[in-house]
Amino acid sequence: MLSISWQMMLLALLIIPLSLFGVVFLMKNSQKYFLSQQTSLGLLNGHIEEMYGAHEIVTAFNGQQKSVDQFETYNDQLYRSAWKSQFLSGLMQPLTMMVGNLGYVGVSILGGYLVLHQVIAIGDIQSFITYTRSFTQPINQIAQSMNMLQSTMAAAERVFGFLNEAEVLPDTSDPVPVSFEGKSLIQGQVAFENVRFGYTPDKTVIRDFSMFVKPGQKIAIVGPTGAGKTTIVKLLMRFYELNGGAIYIDGHDTRTFTRKDLRSLVGMVLQDAWLFEGTIRDNLKFGNPDASEAQMVKAAQMAHVDHFIETLDHGYDTVLGESSSNVSQGQRQLLTIARAFLSDPKILILDEATSSVDTRTEVLIQKGMDALMEGRTSFVIAHRLSTIRNADAILVMNEGDIVEIGNHDALMKRDGFYTKLYNAQFSGEEE
Ligand SMILES: Nc1ncnc2c1ncn2[C@@H]1O[C@H](COP(=O)(O)OP(=O)(O)OP(=O)(O)O)[C@@H](O)[C@H]1O
Ligand SMILES: [Mg+2]
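Basis of the calculations
Residues numbered from 1 in each chain as written. Chains lettered and ligands numbered in written order. Predicted model: local features only at pLDDT ≥ 70, side-chain atom pairs only at ≥ 80, totals over all residues. Heavy atoms only, no water. Helix = DSSP H or I, 4+ residues; strand = E, 2+ residues; numbered from the N terminus. Rg over C-alpha atoms; globule rule 2.2 N^0.38 Å. Buried < 20%, exposed > 50% of the residue type's maximum accessible area, 1.4 Å probe, protein only. Contact = heavy atoms within 4.5 Å. Areas by Shrake-Rupley, 256 points an atom, 1.4 Å probe, with all protein chains shown as cover. Pairing = 2+ DSSP bridges. Axes fitted to C-alpha atoms, helices over the stretch in contact; angles between N-to-C directions. Arc of directions from axis to C-beta. Parallel < 35°, antiparallel > 145°, perpendicular 65-115°, else oblique. Phe/Tyr/Trp six-rings, centres within 6.5 Å; stacked < 30°, edge-to-face > 60°. 1 Å grid on protein atoms, 1.4 Å probe; cavity = no way out; pocket = protein on both sides within 12 Å on 5 of 7 lines; lining within 4 Å. Points joined across faces, edges and corners; volume = space filled by probe spheres on them. Nonpolar A, V, L, I, M, F, W, Y, C, P; charged D, E, K, R; others polar. Near = heavy atom within 4 Å. Polar contact = N/O pair within 3.5 Å; in protein donor to acceptor, adjacent residues only side chain to side chain. Core = buried A, V, L, I, M, F, W, Y, C linked by side-chain atoms within 4.5 Å.

1. Considerations on the overall build of the protein
Phase 1 of the analysis: Scanning the protein from N- to C-terminus turns up 14 helices and 14 strands.
Phase 2 of the analysis: Taking 22 Å as the expected radius of gyration for a compact globule of 431 residues, we find that the protein reaches 35 Å, considerably beyond that expectation.
Phase 3 of the analysis: Each principal axis of the C-alpha distribution contributes one length, and for the protein these read about 120 × 55 × 45 Å.
Phase 4 of the analysis: Expressed as a percentage of its 431 residues, the buried residues of the protein come to 41%.
Phase 5 of the analysis: Nonlocal contacts in the protein, meaning residues at least 24 apart in sequence, comprise 72% of its contacts between residues at least 6 apart.
Phase 6 of the analysis: With an accessible surface of roughly 24300 Å², the protein has 57% of that area assigned to carbon and sulfur atoms.

2. Remarks on the sheet that holds strand β3 (residues 190-197)
Phase 1 of the analysis: With respect to topology, four strands assemble into an open sheet ordered β4-β3-β6-β7, the strand pairing being antiparallel. Of all strands in the sheet, those bounded by a partner on one side alone are β4 (206-213) and β7 (252-253).
Phase 2 of the analysis: Pairing between β3 and β4: five bridges, direction antiparallel. When the bridges of β4 are listed, Phe-192 appears paired with Met-211.
Phase 3 of the analysis: Running at roughly 115° to β3, helix α6 (residues 229-236) makes contact with β3, β4 and β6 (244-249) of the sheet.

3. Here we look at helix α9 (residues 293-302)
Phase 1 of the analysis: Turning to α9, its buried residues number three or more, namely Met-296, Ala-299 and Ala-300. Relative to the axis of α9, the buried residues are bounded by an arc of 100° and lie together on one face.
Phase 2 of the analysis: Those residues of α9 that are buried are in contact with α8 (280-284), α10 (306-311) and α11 (329-343).
Phase 3 of the analysis: At the C-terminal side of α9, His-304 shows a positive phi close to 60°.

4. So, the packing of helix α4 (residues 64-116) against helix α5 (residues 122-163)
Phase 1 of the analysis: The interhelical angle for the contact between α4 and α5, taken along N-to-C directions, is 170°, at an axis separation of 9 Å. Classified by the angle their axes make, α4 and α5 are roughly antiparallel.

5. Some words on the sheet that holds strand β5 (residues 218-222)
Hydrogen bonds between backbone atoms are what pair the strands of a sheet, whose relative direction is either parallel or antiparallel.
Phase 1 of the analysis: Read from one edge to the other, the open sheet built from six strands follows the order β8-β11-β12-β5-β13-β14, with strand pairing classed as mixed. Each edge of the open sheet is held by one strand with a lone partner, namely β8 (266-269) and β14 (401-406). Neighbour to neighbour, the strand axes of the sheet diverge by 15° on average, direction disregarded.
Phase 2 of the analysis: Where β8 and strand β11 (residues 347-351) come together, four bridges link them in parallel fashion. If you follow Met-268 over to β11, its bridge partner there is Ile-349.
Phase 3 of the analysis: The strands that α11 touches are β8 and β11; relative to β8, the one it contacts most, it runs at about 170°.
Phase 4 of the analysis: Against the sheet, helix α12 (residues 359-373) contacts β5, β11 and β12 (377-381), and its axis sits at roughly 150° relative to β11.

6. With respect to the packing of aromatic side chains
Phase 1 of the analysis: Considering all chains together, one arrives at ten aromatic pairs under this definition.
Phase 2 of the analysis: Aromatic rings pair up to connect Phe-192, Phe-209 and Phe-379 into one cluster.

7. Points about empty space enclosed by the protein
Phase 1 of the analysis: Inspection of the entire model under this criterion finds one cavity of 30 Å³ or more.
Phase 2 of the analysis: A volume near 50 Å³ is recorded for the largest cavity.
Phase 3 of the analysis: What lines the largest cavity is Leu-235, Arg-238, Tyr-240, Glu-241, Leu-242, Ile-247, Thr-254 and Arg-255.
Phase 4 of the analysis: Taken together, the residues of the lining of the largest cavity sort by class into four nonpolar, one polar and three charged.

8. Points about unusual backbone geometry
Phase 1 of the analysis: Residues other than glycine seldom take positive phi values, yet Asn-62 does so here, at roughly 50°.
Phase 2 of the analysis: Along the polypeptide, Asn-62 turns up in the loop between α3 (55-60) and α4.
Phase 3 of the analysis: For Asn-62, a relative accessible area of 64% translates into the label exposed.
Phase 4 of the analysis: The backbone of Asp-250 shows a phi angle near 50°, a positive value even though the residue is not glycine.
Phase 5 of the analysis: With respect to the helices and strands, Asp-250 occurs in the loop between β6 and β7.

9. So, the environment of Thr-256
Phase 1 of the analysis: Along the chain, Thr-256 turns up in the loop between β7 and α7 (259-265).
Phase 2 of the analysis: In this view, Thr-256 contacts Thr-172, Asp-174, Pro-175 and Val-176; residues no more than four positions away in its chain are not counted.

10. Side note on the layout of surface pockets
Phase 1 of the analysis: Empty space within the largest pocket amounts to approximately 850 Å³.
Phase 2 of the analysis: If you go around the largest pocket, you meet 31 residues; those closest to its centre are Arg-263, Val-266, Gly-267, Gly-287 and Ser-343.
Phase 3 of the analysis: Where the lining of the largest pocket is concerned, the elements lending two or more residues are β2 (183-184), α7, β8 and α11.
Phase 4 of the analysis: Classifying every residue of the lining of the largest pocket by side-chain character gives 14 nonpolar, ten polar and seven charged.

11. Section: the site of ligand 1
Phase 1 of the analysis: Close to ligand 1 lie 13 residues, the nearest being Gly-228, Lys-229, Thr-230, Thr-231 and Gln-271.
Phase 2 of the analysis: In this structure, an oxygen atom belonging to ligand 1 sits 3.2 Å away from a main-chain N or O atom of Ala-227.
Phase 3 of the analysis: Between Thr-231 and ligand 1, the recorded distance is 2.4 Å, taken from a side-chain N or O atom to an oxygen atom.
Phase 4 of the analysis: Grouping the amino acids of the shell around ligand 1 by side-chain chemistry returns four nonpolar, seven polar and two charged.

12. Brief notes about the nonpolar core
Phase 1 of the analysis: Within the largest apolar cluster, 43 residues are counted, with the highest numbers of intra-cluster contacts made by Leu-284, Ile-309, Ile-337, Ile-388, Ile-394 and Tyr-418.
Phase 2 of the analysis: For this core, the leading source of residues is α11, giving seven residues.
Phase 3 of the analysis: Ignoring any residue separated from it by four or fewer positions in sequence, one finds Tyr-418 in contact with Val-222, Leu-385, Ile-388, Ile-394, Val-396, Glu-404, His-408, Leu-411 and Met-412.
Phase 4 of the analysis: Judged by nonpolar contacts, the second largest core, of 35 residues, contains Val-205, Ile-221, Leu-242 and Ile-247.

The quantities given are spatial measurements derived from coordinates; they are silent on function.
Written out as structure tokens, the structure reads:
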């Protein structure tokens, strides 16, 4: 282009800043719509997922219309922002093409003038225009892919927002070992020392909790709903960091173990029985993948689910569906109990483990559980106080504090909070 005419080249070069100016202007104005498009897309998908997952609840409370209305609102938001962002970024290509075409016009006029003055030949204009075309083509291509780039940028912003969340405290660099050459080094002694904790800074759930548990003891934690029983066991597993005090296992602060080791010591059956999508076998062997087939069946027998599993068409290979809707609540609990049996932990936590199981099965499992708790430190949370009468110590909690501690007989003699709880449960039955 320079060898044909420098004046014409200067003119052709003018296309770049002009196109760039237009592109930047449009980008600045459309990026906010790309952002809100991505946000409303997230809201819409979240809404759909929640409504599908909670379909039974939505139907039971006649919430269909409300859910549809909410969907409409989100969908409308998405429509508006997507419309604007697509429109603005769609303008980009025509704009750069127009600037490019204006360039051709200028080049042609200037070329005509130069031909008239016999500076260049007429064929030079033809070749110059061809060069200009290949010169502006990349600019057009960039403009074309700009809307993709912009929505990627908007999406990336959300991803980085997530990645920038505060990390959990890293594990110590010098952790205390829990086993040596396959043998566990932990006895299972647990001590809580002035533990203070709140899920949010403004509300303390556990105020000042201290307790010493000898290896192999069975500790029952009782108390009204919301007293902080589940919180205590979550803290033992270090799902949350303490606000004050410390928890020791065999005299080592739980923060001096790696989280993985700490959790390998503890087997838990939680209030909300949790199973994942997969076969029953995978679910049972989750905590102990090396367990043999015989061990697995033994664990299932102890939890009294083996009979149920065998009646299924595919036995242990039965696939549990999404949110395990193809097994009953009680069966789900029994499966999680079998899983805890199989993982063979040092410390056992049973949080309302049999709350959804019928009383006859509960009595049957109780025997299995007693066998399992033999020689292990165990924490049992139960609302049915008859199941924890034989505990070594019963911890009565109320509003995050221990209000009473002792074994069943001692607590009954005190005639305090525990006696009230106990009598409240049994007075109805006696009548
Ligand atoms: N993830 C959480 N975020 C904020 N607050 C929470 C959270 N989990 C529990 N809480 C609050 O902490 C308190 C203690 O809850 P916790 O689950 O320990 O009770 P609980 O004694 O196990 O009760 P329940 O007998 O019903 O199982 C409650 O007031 C509850 O509202
Ligand atoms: Mg609880």
